[in-house]
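Now for the letters of each chain:
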Amino acid sequence: MSDQAPDESKKSPLATVSDVSHDLRAVRLLRLQELRAQGQDPFQNNWTQSHTSKQAIDAYVEGQDPGAEVSVAGRIVMQNDMGKSCFIKVLDRDGKIQAYVRKDVIGEEAYAAFKKLDLGDIVGVSGTLFKTKTGEISVRAQRYGLLAKALRPLPEKWHGLTDSEQIYRQRYLDLIVNDASRERFQARSRIVRAVREYLWSREFVEVETPVLQGIAGGAAARPFTTHFNALSCDFYLRIALELHLKRMLVGGFDRVFEIGRVFRNEGLSRRHNPEFTMLEVYQAYTDYRGMMMLIHDLIQYVCRTALGGRTSVTRPEGGEIELAGKWREVKYKDLVIEATGDADWFSRPREQKLAACAKLGIEVNPAHPDFAITQDVFEKLIEPKLIQPTFVTHIPGELCPLAKINGADPSTLDVFELCINGQEIAPAYSEQNDPLLQREQFAKQVGDDVQKLDEDFLTALEHGMPPAGGMGVGIDRLVILLTGAANIRDTILFPSLKPEGPAPAEIKK
């Protein structure tokens, strides 16, 4: 089916709906042509909407008939033709409301035009509230207007949209036909608003930092590269928010946060999307334990305000996650020793660890350094089992060059990873503020590629950064947790997808 609309001026005046009934889009285009031929504009500029569906339903007074006058607007998602009268349901941002349209009320000519409306058309309806015999609060229409003609039908004539590829590519259809998706994204908005409200109430300042950066720093991830024509040099889409927010600490902003898009040119999975939303928050004169209290109280606040006070969430796999009360705290090394059953794990040579991994059924890259083998054990054997909220503390020093070394155990860091539902939700650090030690750690990370050293950040540290705690929270993962979504793509309105059709390089110019 061609996406190009036919030239209405050349369409035969004798064409009828029956001539094109095999083509639903053509039927709708013909109805559009008829409306315009009658001097009607099926794409209006405005409609006076006095109530949303929910507001109208809430305005109904039991026993009052006729009820309050209302004017609603939205998309037709149900039609029930009863001859001289018709019921429709209209979907708006708050949900659905039923309207009852009668020929003897709106007039014969208007009713004839009304009966030509299609599912998906956007209409306005004005009238009075009443309750039907089945107890449904409805609008008794006195006037209606076609506000936007839908030229394409809704999926499967309103039976739903189930193909996951189509759901992600045509999210607008998913939002129309799938109530659960619409509610999930409304919940996402409430969650993000609650996060901001909580941090504002704690006197954090929200800031915005560059998306395009000369050096991709703040995380160990592969960046997306672009070219800045005006500056004649390559830039990177940011892989983290961290280093610019720490510059704000140097500049005297003691409590800062940013919620922003981050880009990592890496794999796709049900828990990973190359473009995702991060919250990063930094607070001077505290440490990772201050961040521990912050994230605990933050999630409690979000539950109270965005989830209606609900503190437990249901996993798609079954079972409940309880977010109220005190959360478990356990050291990384203790978890590894428990999972491997080897009290001497951290003193064993690399070859013995590889052999142990093979016995445990853990696939490990044999070229991995010692710490990475242990991290494979954690990620593949331990983390998936951390369902209830767990602070995993004292992470190995090699895993993060930006954190303070633990005073009691120099092989570990003053860091925690908050794991819930088998995945990391929020890592947090006592931030490294020794510029010389930070340079040394960065140098180990970048190796011979000294161009990756962020000299400006190191210079900023040399001006003095106060002791601070810092934390990152994956907003998409938080939404997965709090809404029970099964896939990160279900929490991102327009997730990353391979373009349909030929690859851009193959498109002829």
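Just so you know, the residues in each chain are numbered from 1, in the order the chain's sequence is written. Reporting in this predicted model follows two pLDDT cut-offs: at least 70 for local features of residues, and 80 or more for side-chain atom pairs to be given and counted; totals over whole chains, interfaces and linings ignore these cut-offs and use all residues. To get the side-chain values, all heavy atoms of the structure are used, and hydrogens and water are removed first.

**Q** Could you give an account of the pairing of strand S4 (residues 122–131), naming the residues involved and the relevant values?
**A** A regular strand places its side chains so that they alternate between the two faces of the sheet. Among the 10 residues of S4, eight are classified as buried, and the element is accordingly described as predominantly covered. For S4 and strand S5 (residues 137–148), the ladder comprises 10 bridges, and the chain directions are antiparallel. Looking across to S5, one finds that Val123 is bridged to Leu146. Counting the residues that bridge the hairpin from S4 to S5 gives five residues, and of these Gly135 lies at a positive phi of roughly 90°. Relative accessibility thresholds used throughout: buried, under 20% of the residue-type maximum; exposed, over 50%; partly exposed, between the two (1.4 Å probe, protein chains only). Under the DSSP-based scheme used, a helix requires at least four consecutive residues in state H or I and a strand at least two consecutive residues in state E, with every element numbered from the N terminus. Any two strands with at least two DSSP-identified bridges between them are counted as paired.

**Q** Break down the pattern of salt bridges for me, with residues and values.
**A** Salt bridges are identified by distance alone: a Lys or Arg side-chain nitrogen within 4 Å of an Asp or Glu carboxyl oxygen. Tallied over the full model, the rule gives 33 salt bridges. The closest approach of N and O atoms between Lys89 and Glu136, which form a salt bridge, is 3.5 Å. Of the two residues, Lys89 sits in strand S2 (residues 85–92) while Glu136 sits in the loop between S4 and S5, which places them 47 residues apart along the sequence. Judged by its relative accessible area of 27%, Glu136 is partly exposed.

**Q** Report on the sheet that holds strand S1 (residues 69–81), specifying residues and quantitative values.
**A** Strand order around the closed barrel formed by five strands is S1-S2-S3-S5-S4, with mixed pairing between neighbours. Pairwise comparison of adjacent strand axes, ignoring direction, gives a mean angle of 55° for this sheet. Bridging between S2 and strand S3 (residues 95–102) involves eight bridges; their strand directions are antiparallel. Bridge pairing links Lys89 to Gln98 in S3. Between N-to-C directions, angles cover 0 to 180 degrees, with each direction set by a line fitted to C-alpha atoms, over the stretch in contact for helices.

**Q** Mind laying out the packing of aromatic side chains, listing which residues take part and the relevant values?
**A** Centres within 6.5 Å are what make two rings of Phe, Tyr or Trp a pair, Trp counting through its six-membered ring; a difference in plane orientation under 30 degrees is then read as stacked, over 60 as edge-to-face, and the rest as tilted. As enumerated under the stated definition, the model contains 10 aromatic pairs in all. Seen from their ring centres, Tyr100 and Phe130 are 6.0 Å apart, and the 50° between their planes marks the pair as tilted. Highlighted residues: Tyr100 in strand S3 and Phe130 in strand S4, separated in sequence by 30 residues. Residue classification places Tyr100 among the buried residues on the basis of a relative accessible area of 15%. What makes Phe130 buried here is its relative accessible area of 7%. When the ring of Phe228 is compared with that of Phe235, the centres are 5.0 Å apart and the planes differ by 65°; the resulting orientation is edge-to-face. By relative accessible area, Phe228 is classed as partly exposed at 30%. Clustering of aromatic rings is evident, with ring pairs tying together Phe87, Tyr100 and Phe130. Here Arg140 stacks its cationic end above the ring of Phe130, 4.2 Å away from the centre of that ring. For Arg255, the ring lying beneath its charged end belongs to Phe204, and the centroid distance is 5.5 Å. Remark: a charge is flagged as sitting over a ring if the NZ atom of Lys or the CZ atom of Arg is within 6 Å of the ring centre and within 35 degrees of the ring normal.

**Q** Which residues make up helix H14 (residues 455–462), and what values do they have?
**A** Here H14 has its buried residues at Phe457, Leu458, Ala460 and Leu461. Seen along its axis, H14 keeps its buried residues to an arc of 155°; they face one direction. A positive phi of about 105° marks Gly464, the residue just after H14. Working note: the arc is built from the helix axis to C-beta atom directions.

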